[in-house]
Each structure stands twice: as structure tokens, then as C-alpha cells.
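Per-entry structural report
Residues per chain, in single letters:
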Amino acid sequence: MEKILDRFLRYVSVDTQSNEESESQPSTAKQLNLLKMLRDELQAMGVEATLDEFGYIMASIPSNLGKDVPAVGFIAHVDTAPDASGADIKPQIIENYDGGAIDLKGVPGLQLKPAEFPEMLHYKGQTLITTDGTTLLGADDKAGVAEIMDAVQYIVEHPEFKHGVIKIGFTPDEEIGRGVVKFDVPRFGADYAYTMDGGEIGELEFENFNAASAKIHIQGCNVHPGYAKGKMRNAIHIAEELDGMLPVMARPEYTEGYEGFFHLISFKGTVEEADFAYIIRDHDRARFEARKQMMQKVTDFINSKYGEGTATAVIKDQYYNMREQVEPHYHIIDKAVKAMEMAGVKAKIQPIRGGTDGANLSFKGLPCPNIFAGGLNFHGKMEFVPLESMEKASEVILNIIRLFAE
């Protein structure tokens, strides 16, 4: 069997960054490079697998039981976040981690420090895979991809392993909120599924944010600064004014747990015009709707102060909290908890301060909680993943399959 570390390193070497500005699906053609690789690897293992025009891999392993049990699926996304480069990744392998700071050798002086990321100390003595400081790592979610493929390889090479129908799905564009927009749930054929897209070992989530995006345009008026009195409307200052009307303590850096936020993610502006964008998040649906209304109200205020048409806001829902769809099928949470216990892992049930493909899949009729993939510090150069966490995640997949087969 190929070791899960070698598999993971192969996958992160492929640049699969998605692009929110693109209207195509997949949003970037380079995601297909890894998707084609995965399809071919599945087929080489004797697994029926297809890759459609939208970038969805769907694979199926038939049951070897003499009875009917629910078909269970496992899903991961191949794209990496637009927040940091996913090209030319140079992973560092830190064996028997000693609990100290780790030099990220691609950027002189840059370190991954327990003083800043104390959770690193949970993994003393283990093998850590880090970035070199110039890119993200891609453990979100290529760790999940590797874990699923590792489990598939085990099943194929151990025909004595008893299982029902197993469905495998790999998707593009999860990081830009479009991962399963065209995913055909009936064609996938699972009764229940799990996304392998969580963070550190033990995480189990069936609640996530309700999510929206907001794109704001400010139209200013540029006049020669020597003659600007009473005439100039500086779009940069107006944009700053709008942002200042949103509650400071409702920014991501001041929130945790079930607290929602407004997150300013981009800004581009001149005196003449400015464009900036937010993501809006809250677990509670009523508070989520109130946050969107607040965004519209501050936009309306700017127009009342500076003139109609000064500010325009385009607010779009992205996904919703899956809890209401998953909770009626709580046995799939119980199975995941038991599967972790069988692997010697203590389950930590908590809300996702983010979203997964599973949220939208749950609203499409496929209850789909989220299981840890093992990585930490996603979307940036401080990302890392313990090898042992990936190995445990693969074991959990096999244990879930065992439990469904009983």
C-alpha cells in the first residue's frame, strides 16, 4: 500500500487554487489536473469512478454483504483557498516534533511558534507537515482526499473487510462556496455521507454558519484637490466610514464559538471609486438575517448622507446551517462518535466556524456531517497537519463503514 504521507505529498504538489471571480465550473481548469489523477487512481484500483463536466468525481464500491444496509458516502474537496498561493508548495517534514519553534525555511526568520499556536504542543513526538512559509499547505482539504483514498486502497486490498455500498465524492470550488451547486445527489446514490474536511483530530461537526457575501461599491467624485472644497467625495473615506458603522467587536478576531461576524476580506479603491467585500456569518438564522439587514442599512445611510447611488450593496446567501437537516438523523453522529472511540480518538462535537460542502448537501437531501481531516491554521503559510491525525482519520472512515455494515 502507498503510505498516506506519500499520497498526501503527491496531491499537494498539484496547484488547485479556486477563483471566486471566475464564472466557470470548475472555477479554474487546473483543479481538473488533480481530479483526473484521482479518477485514474480509483479506476486503477478497480473502483468504478467517473469525472463529469462540472468537476465532480463520483465513485462506487459495491457491497460484499448478504444483506441491505444504507449506502454511506465520503466526500472531500480538491481546491485550495484563494487567500494564499497554492502553487509550488514545498512541504517540510518534521519528525518526532520536539515542541519548539519550527523554521519555515522559505522565508528567512519566519517561524511556526507554539507561543502563537499553542495547539502545536498537543503533537509533541509526532510527525508534522508544515509549509516552507511561502505558500499554504493544502491540508484543507487534500488531507481529507488522501484519507479517503487511503481507506479505499485498504478496502480494495482486503476483500475480507465487510462493507455495504460505499460512495466516494471529490468536488471542486468548495473554498469559494460553490462546491456542490451542481452536485447530483440522486446520482451519487448515498443514503448518508460525511465530509472529511474538519480541523484537528477529534472534531465532529453538524452545525455550521449561515453564510452570505456582500460586495460594496462606492462611487465618489474626484476633483483637483486645489479646488475640491464642497465638491470632492473621496470614495476611500466614504468606504472607511461605512466600515466604521459596523460593530468592531463583531469582527472575526474578536469572536468565537457561536458568535457571528462581519469580515472585510478585500478592498480596492481610489478617490473616484472603491470596491470592497465582506463575508457575513452567524449560526443563528434570525441573527444572520439581522446582520444582512444591518449591512443594507449602513449602505442606505451612506446614500442618504452623500446622495443616492453613492453606495450599492450586492448581498448573496452562500449556505445555511446544516443542523436542522442532520439532527433528525442523529444516528449518523452516534456512529461517527463510536468510530472515533474505536480508533482511540475522543470526539469533540462543536459548531463549525465556517462551512463545508456538507452544509449544502444536507439541504439537497443528503445528511452530511463533517469529520476531522487533521490540519490546523488553514488558508495560510502557518498551516500544518500531523501525520498521525491523517492516519487516524482514515481509520475512522473504515470504522464508520464497519458500523454501517453491522
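Notes on the structure follow. Small disclaimer: the values here were computed from a predicted structure and weren't measured. (Residues numbered from 1 in each chain as written. Predicted model: local features only at pLDDT ≥ 70, side-chain atom pairs only at ≥ 80, totals over all residues. Heavy atoms only, no water.)

Remarks on the overall build of the protein chain
Going by this rule: Counting from the N terminus, the helices are the DSSP runs of H or I reaching at least four residues and the strands are the DSSP runs of E reaching at least two. C-alpha atoms define the radius of gyration, and 2.2 Å times the number of residues to the power 0.38 defines the globule rule. Throughout this description, buried means an accessible area under 20% of the type-specific maximum (1.4 Å probe, protein chains only), exposed means over 50%, and partly exposed covers the range between.
Helices and strands together make up the secondary structure of the protein chain, namely 10 helices and 17 strands. Taking 2.2 N^0.38 as the reference for a compact globule, 406 residues should give roughly 22 Å; the C-alpha atoms of the protein chain span a radius of gyration of 23 Å, in line with that estimate. Its C-alpha atoms give the protein chain principal-axis dimensions of about 85 × 50 × 35 Å. In the protein chain, buried positions account for 53% of the 406 residues.

What to know about helix 8 (residues 331-342)
Side chains of residues three or four places apart in an α-helix project in the same direction, reflecting 3.6 residues per turn. Let me state the cut-off plainly: Helix span, as expected, comes to 1.5 Å for every residue beyond the first. The arc in question is the one spanned by the directions pointing from the helix axis to the C-beta atoms. In this analysis, two residues are considered to be in contact whenever any of their non-hydrogen atoms come within 4.5 Å of each other.
Its 12 residues place the ends of helix 8 16 Å apart at the C-alpha level, agreeing with the 16 Å of an ideal helix rising 1.5 Å per residue. Along helix 8, the residues that are buried comprise Ile332, Ile333, Ala336, Ala339 and Met340. Looking straight down helix 8, one finds that the buried residues subtend no more than 120 degrees of arc, so they occupy a single side. Along its buried surface, helix 8 packs onto strand 9 (192-198), strand 10 (203-205), helix 7 (323-326), strand 15 (348-349), strand 16 (370-372) and helix 10 (387-405). Residue Gly344 follows helix 8 closely and has a positive phi angle near 75 degrees.

Some thoughts on the nonpolar core
The cut-off we apply is this: Throughout, nonpolar core names a set of buried Ala, Val, Leu, Ile, Met, Phe, Trp, Tyr and Cys residues whose side chains join them through atoms within 4.5 Å.
Of all hydrophobic cores here, the largest spans 73 residues; its most connected members are Phe8, Phe74, Phe170, Ile371 and Ile400. Sorting elements by how many residues they give to this core places helix 10 first, with 10 residues. Those residues within four positions of Phe74 in sequence are excluded, and the remaining contacts are Ile148, Ile166, Lys167, Ile168, Gly169, Tyr194, Met196, Ile397, Ile400 and Ile401. One finds Ala214, Ile218, Ala274 and Phe276 within the second-largest nonpolar core, a separate group that totals 20 residues.

Quick word on the packing of helix 5 (residues 235-244) against helix 6 (residues 285-306)
Helix-helix packing: each pair is described by the crossing angle between the helix axes and the interaxial distance. Let me state the cut-off plainly: Here the axes come from fitting lines to C-alpha atoms, over the contacting stretch only for helices, and the angles between their N-to-C directions go from 0 to 180 degrees. Orientation categories follow fixed angle ranges, with anything under 35 degrees roughly parallel, anything over 145 roughly antiparallel, 65 to 115 roughly perpendicular, and all other angles oblique. Handedness of a crossing is defined here by the sense of rotation of the near helix relative to the far one, left-handed for an anticlockwise turn of less than a right angle and right-handed for a clockwise turn. For this classification, the nonpolar set comprises Ala, Val, Leu, Ile, Met, Phe, Trp, Tyr, Cys and Pro, the charged set comprises Asp, Glu, Lys and Arg, and every other residue, Gly included, is treated as polar.
Where helix 5 contacts helix 6, the two axes come as close as 9 Å, and the packing angle between them is 135 degrees. When the axes of helix 5 and helix 6 are compared, the pair comes out oblique. Once helix 5 is placed against helix 6, the crossing between them reads as right-handed. Touching Ile238, Glu241 and Leu242 of helix 5 are Val298, Thr299, Phe301, Ile302, Lys305 and Tyr306, all from helix 6. Among the residues making up the contact of helix 5 with helix 6, the classes are represented as 6 nonpolar, 1 polar and 2 charged.

Here's the deal with the sheet that holds strand 7 (residues 128-130)
Two strands in a sheet stick together by hydrogen bonds in their backbones, pointing the same way (parallel) or opposite ways (antiparallel). Applicable threshold: The pairing criterion is simple: DSSP has to find at least two bridges between the two strands.
Taken in spatial order, the 3 strands of this open sheet run 4-7-17, and their pairing is antiparallel. Taken across any chain shown, the strands that pair with only one partner, and hence form the sheet edges, are strand 4 (92-94) and strand 17 (384-386). Between one strand and the next, the sheet's axes are offset by a mean angle of 20 degrees, whatever the strand orientation. Seen against the sheet, helix 10 touches strand 7 and strand 17 and runs at an angle of roughly 60 degrees to strand 17.

Thoughts on the packing of aromatic side chains
The following threshold applies: Note on aromatic contacts: the rings of Phe and Tyr and the six-membered ring of Trp form a pair at centre separations within 6.5 Å, being stacked when their planes are under 30 degrees apart, edge-to-face when over 60 apart, and tilted otherwise. Over a ring means this: the NZ of a Lys or the CZ of an Arg is within 6 Å of the ring centre and within 35 degrees of the ring normal.
For the structure shown, the criterion picks out 11 aromatic pairs. Measuring from ring centre to ring centre gives 5.9 Å for Phe74 and Tyr194, while their planes differ by 20 degrees; the resulting arrangement is stacked. Within this pair, whereas Phe74 is found in strand 3 (residues 72-77), its partner Tyr194 is found in strand 9, the two being separated by 120 residues in sequence. With a centroid separation of 5.6 Å and an interplanar angle of 90 degrees, the aromatic rings of Phe206 and Tyr330 are classed as edge-to-face. Taken together, the residues span a long stretch of sequence, with Phe206 in the loop between strand 10 and strand 11 (210-219) and Tyr330 in the loop between helix 7 and helix 8 at a distance of 124 residues. Phe206 gets classed as buried once you look at its relative accessible area, which sits at 5%. Through pairs of rings, three or more aromatic residues link up here, namely Tyr56, Phe183 and Phe188. Across the ring face of Phe404, the terminal group of Lys335 is positioned such that the distance to the ring centre comes to 4.9 Å.

A word on the pairing of strand 13 (residues 273-282)
Walk down a regular strand and you will see the side chains alternate between the two sheet faces. Summarising burial for strand 13: 8 of the 10 residues are buried, a large majority. Of the strand pairs in this sheet, strand 11 and strand 13 are connected by 10 bridges, and their pairing is antiparallel. Looking at strand 13, one finds that Ala211 is bridged to Arg281. In this structure, the hairpin formed by strand 12 (residues 261-269) and strand 13 is closed by a connection of 3 residues.

Focus: the packing of helix 2 (residues 31-44) against helix 3 (residues 139-157)
Two elements in contact, helix 2 and helix 3, have axes whose closest approach is 11 Å; the angle formed by their N-to-C orientations is 10 degrees. One way to sum up the angle between helix 2 and helix 3 is to call them roughly parallel. Residues Leu34, Leu38, Glu41 and Leu42 of helix 2 lie in contact with helix 3, whose contacting residues are Lys142, Val145, Met149 and Val152. Each residue belonging to the contact of helix 2 with helix 3 can be placed in one class, and the counts come to 6 nonpolar, no polar and 2 charged.

Some thoughts on the sheet that holds strand 14 (residues 311-319)
Reading across the sheet, the 4 strands line up as 12-13-11-14 and stay open at both edges, with antiparallel pairing between neighbours. Only two strands of the sheet have a single partner each, and these edge strands are strand 12 and strand 14. Between one strand axis and the next, the sheet turns by 15 degrees as a mean value, whatever way the strands run. In the sheet, strand 11 pairs with strand 14 via 8 bridges, with the strands oriented antiparallel. Within the sheet, the bridge partner assigned to Ala214 lies in strand 14 and is Ile315. Those strands touched by helix 6 are strand 11, strand 12, strand 13 and strand 14, and its axis lies near 165 degrees from that of strand 14.

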